[in-house]
Amino acid sequence: MSHRTTILAATAVTATALAALTGAAAQAAPTKASTAARAMNTPFVGAQGTYRHVTPARILDTRSGNGAPQGLVGAGREVSVLVAGRGGIPGGVSAVVLNITAVTPSTNTFLTAYPSGTTRPSTSSLNVAARTNRANLVTVPVGSDGRVRIYNSTGTTHILADVVGAYHGVASPTTGVGSQYYTVEPERFYDSRQDGGAYVAGEWVSVWADWGAGVNEKVTAYAANITVLQGTSSGYVAAGPTSNPSTSTVNYGKNQVIANMSVVPSSMVEGFPGFYVINRGPGSVQIIVDVVGIYTTEGGDGLRFRSLPPRRIVDTRSGIGGNATPIGANVARQYAAPPEVAGDATYTLVANTTIARPTAATYVTTYSNDIPKPGVSNLNAAAGETSANSTFVGLGAGNLFRIHNAAGQAPVIMDVMGSFELFAAPPASPSPQGAPARQTGSAATSHTPNGFHGSRG
């Protein structure tokens, strides 16, 4: 098989918090309010809120009876899935990161994942059309019994869940302190339409970035949105730290445009931290990779995850969060994250964003109010389709963000499950000077990668 390599020049991939990693001062960007003015809960202690990635493992498959009784899940029914102590997930986690797949439902339906022991929220985690397969990454708070529940709305469907990681909820987990999260200004790292064309069956791409000395070896995972399009047949792509990932990341149909947010463990690729994406379908498909953040083991003032009860903060159909009208073509509507989900130290929301039956084929981009609209997308939908995807939503000053719709009239819904917040307590290990800073259009003094790259194989 031919091998094609592309080296792309770094553009405005500006890390919001990487100034803290390198000691560089982000002088041009306004900083958040003092952590003493936190409007959320108590400060983090020890390892609380850090991320622990695991080798992806299937912990639920109703086709075989793995993790739940064997058989289709009926309308209005749900399964209870034990996550603590399975798939490498330790006890004492506050939330688990799952890639959930609905397999050939009998009707159009949606799934809702939520913590065991709580009332099922009026939110959705995955929307899927009848007789298709669709996956979505979800970050789900874990109940006190170590379980999550997954509800099916209508018809019958099989449900799969692959665990990829979790956030620590206790100060001193047996596995030690995990990784902190650092936002980057959303950037398109790779687009096969501009580099060699579609990927045939078994062909892979590796993407990586040079974040600089002292940082590269500490990057443990990427927060990346992977989009596939122009598939010549149904199939799936897989992302992971090797060129032979073991589980599916994005399931796609013929000629379907579909995205799935991923937290992908990284490995050293050509001497830099990166990951691989491989086409497992029998035909060919185009692959796009957009990066929105990285996880590192750096002991500085990174961001920690706070689990929240699932809450709907935007619904343009009913007016939750703003106007009760669809978002028009090429319109970026501004929203304010409510105090129930964002405080003075909140930098990013972890949400599920849905486009509900737009009038034209479109895509939606969410981004901080403090930066220009980036050249990335969060989710795509065909005309009349309902499509959802996990979204890491950057917040600007005043906890403002924007939702941009590309075409037609698009009803948009956003459900929040957690937030990334500034670590409030001094880290145990020595830390460089500096703190995360809000991004502005002119901010260019915080750390940027020396280049990002893609190789075909």
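Residues numbered from 1 in each chain as written. Predicted model: local features only at pLDDT ≥ 70, side-chain atom pairs only at ≥ 80, totals over all residues. Heavy atoms only, no water.

*Asks:* Looking at this model, I keep getting lost on the overall build of the chain. Mind explaining?
*Replies:* Across its full length, the chain carries one helix and 27 strands. For the chain, the share of sequence-separated contacts (at least 6 apart) that also reach a separation of at least 24 residues comes to 84%. For the chain, the computed accessible surface area is about 15,600 Å², with 51% contributed by carbon and sulfur atoms. (Helix = DSSP H or I, 4+ residues; strand = E, 2+ residues; numbered from the N terminus. Contact = heavy atoms within 4.5 Å. Areas by Shrake-Rupley, 256 points an atom, 1.4 Å probe, with all protein chains shown as cover.)

*Asks:* Sorry if this is basic, but what is going on with the side chain of aspartate 195 here?
*Replies:* When you line up the elements, aspartate 195 lands in the loop between strand E10 (180-191) and strand E11 (204-210). At a separation of 3.4 Å, a polar atom in the side chain of aspartate 195 contacts the side chain of tyrosine 190. (Polar contact = N/O pair within 3.5 Å; in protein donor to acceptor, adjacent residues only side chain to side chain.)

*Asks:* Mind showing me how you'd approach empty space enclosed by the protein here?
*Replies:* A water-sized probe, rolled over the atoms, reveals where empty space remains. The tally for this structure, following the rule as stated, stands at three cavities of 30 Å³ or more. Lining the second largest cavity are 14 residues, with Val164, Ala239, Thr247, Thr249 and Val263 positioned closest to its centre. Elements with a minimum of two residues in the lining of the second largest cavity: strand E9 (158-168) and strand E15 (258-265). Grouping the constituent residues of the lining of the second largest cavity by class yields eight nonpolar, five polar and one charged. (1 Å grid on protein atoms, 1.4 Å probe; cavity = no way out; pocket = protein on both sides within 12 Å on 5 of 7 lines; lining within 4 Å. Points joined across faces, edges and corners; volume = space filled by probe spheres on them. Nonpolar A, V, L, I, M, F, W, Y, C, P; charged D, E, K, R; others polar.)

*Asks:* I would appreciate a short explanation of the pattern of salt bridges in the present structure.
*Replies:* Where charged atoms of side chains with opposite charge meet at close range, the side chains can pair. Per the stated rule, a full pass over the model turns up 11 salt bridges. Residue aspartate 61 is joined to arginine 63 by a salt bridge in which the shortest nitrogen-to-oxygen separation is 3.0 Å. The exposure class assigned to aspartate 61 is buried, which follows from its relative accessible area of 8%. Via salt bridges that share partners, Arg312, Asp315, Arg317 and Asp415 belong to a single interconnected network. (Salt bridge = Lys/Arg side-chain N within 4 Å of Asp/Glu carboxyl O. Buried < 20%, exposed > 50% of the residue type's maximum accessible area, 1.4 Å probe, protein only.)

*Asks:* Is there a simple way to explain the nonpolar core in this structure?
*Replies:* Burial of nonpolar side chains together is a common tendency in soluble globular proteins. Core analysis: the largest hydrophobic core is formed by 28 residues, its most contacted members being Trp211, Tyr222, Val237, Val277 and Val289. Breaking this core down by element, the ones donating at least two residues are E10, E11, strand E12 (219-229), strand E13 (235-240), strand E14 (250-252), E15, strand E17 (272-279) and strand E18 (286-296). One finds Ala68, Val81, Ala113 and Val142 within the second-largest nonpolar core, a separate group that totals 27 residues. (Core = buried A, V, L, I, M, F, W, Y, C linked by side-chain atoms within 4.5 Å.)

*Asks:* Honestly, the sheet that holds E9 in this entry has me stumped. Any pointers?
*Replies:* Pairing between the strands of a sheet is mediated by backbone hydrogen bonds and can be parallel or antiparallel. The sheet built from four strands is open, its strands ordered E2-E9-E4-E7 with antiparallel pairing. In this open sheet, the two strands that pair with only one neighbour each are strand E2 (51-61) and strand E7 (133-141). With strand direction ignored, the average angle separating the axes of adjacent strands in the sheet is 20°. (Pairing = 2+ DSSP bridges. Axes fitted to C-alpha atoms, helices over the stretch in contact; angles between N-to-C directions.)

*Asks:* Can you walk me through the environment of threonine 365 in this structure?
*Replies:* As for its position among the elements, threonine 365 is in strand E22 (residues 362-368). The sequence separation of threonine 365 and isoleucine 403 amounts to 38 residues, and the corresponding C-alpha distance is 5.8 Å. In contact with threonine 365, other than residues within four places in its own chain, are Pro374, Val376, Ser377, Asn378, Arg402, Ile403 and His404. Within the local environment of threonine 365, its side chain forms a polar contact with the backbone oxygen of valine 376, the two atoms lying 2.6 Å apart.

*Asks:* Just checking my understanding: could you explain the layout of surface pockets for this structure?
*Replies:* If you add up the space inside the largest pocket, you get close to 400 Å³. Along the walls of the largest pocket sit 21 residues, with Asn108, Asn127, Val128, Ala129 and Thr386 positioned nearest its centre. Those elements that place two or more of their residues in the lining of the largest pocket are strand E5 (109-115), strand E6 (126-128), E7 and E14. Taken together, the residues of the lining of the largest pocket sort by class into four nonpolar, 14 polar and three charged.

*Asks:* Can you help me understand the pairing of E7 in this one?
*Replies:* Regular strands have side chains that alternate between both faces of the sheet. E7 sits mainly inside the fold: eight of its nine residues count as buried. Where strand E4 (residues 93-103) meets E7, nine bridges bridge the pair, whose relative direction is antiparallel. Bridging from a neighbouring strand, leucine 98 pairs with valine 138 of E7.

*Asks:* For this particular structure, what's the right way to read the pairing of strand E8 (residues 147-152)?
*Replies:* Of the pairings in the sheet, the one linking strand E3 (residues 78-82) to E8 comprises five bridges and is antiparallel in character. Paired with glutamate 78 across the strands is tyrosine 151, a residue of E8. Pairing between E5 and E8: five bridges, direction antiparallel. Each residue of the ladder has a partner; that of proline 115, found in E8, is valine 148.

*Asks:* When you look at unusual backbone geometry in this model, what are you seeing that I'm missing?
*Replies:* Note: most peptide bonds trans; most residues except glycine with negative phi. In the Ramachandran plot, asparagine 255 falls in the positive-phi region, its phi being about 60° despite a non-glycine side chain. Even without being glycine, asparagine 330 reaches a positive phi, approximately 55°. Checked against the element boundaries, asparagine 330 lands in the loop between strand E19 (303-315) and strand E20 (331-336).

*Asks:* Any chance you could explain the packing of aromatic side chains here in plain terms?
*Replies:* Aromatic ring pairs are described here by two measures, namely the spacing of the ring centres and the angle between the planes. Taken as a whole, this structure holds 14 aromatic pairs when the rule is applied. Centre to centre, the rings of tyrosine 167 and phenylalanine 305 are 4.2 Å apart; their planes meet at 20°, and the pair counts as stacked. Within this pair, whereas tyrosine 167 is found in strand E9, its partner phenylalanine 305 is found in strand E19, the two being separated by 138 residues in sequence. Each member of the pair, tyrosine 167 as well as phenylalanine 305, carries the same accessibility label: buried. Taking 5.4 Å as the distance between ring centres and 55° as the angle between the ring planes, the aromatic pair formed by tyrosine 222 and phenylalanine 275 counts as tilted. Pair noted here: tyrosine 222 is in strand E12 and phenylalanine 275 is in strand E17, with a separation of 53 residues, a long-range link. By the burial criterion, tyrosine 222 is buried, and phenylalanine 275 matches it. A network of ring pairs unites the aromatic residues Tyr51, Tyr167, Tyr181, Tyr295, Phe305, Phe392 and Phe420 as a single cluster. In this arrangement the basic side chain of arginine 120 is found over the ring face of tyrosine 151, its NZ or CZ atom lying 3.7 Å from the centre. (Phe/Tyr/Trp six-rings, centres within 6.5 Å; stacked < 30°, edge-to-face > 60°. Lys NZ or Arg CZ within 6 Å of the ring centre and 35° of its normal.)

Shape descriptors only; they carry no functional weight alone.
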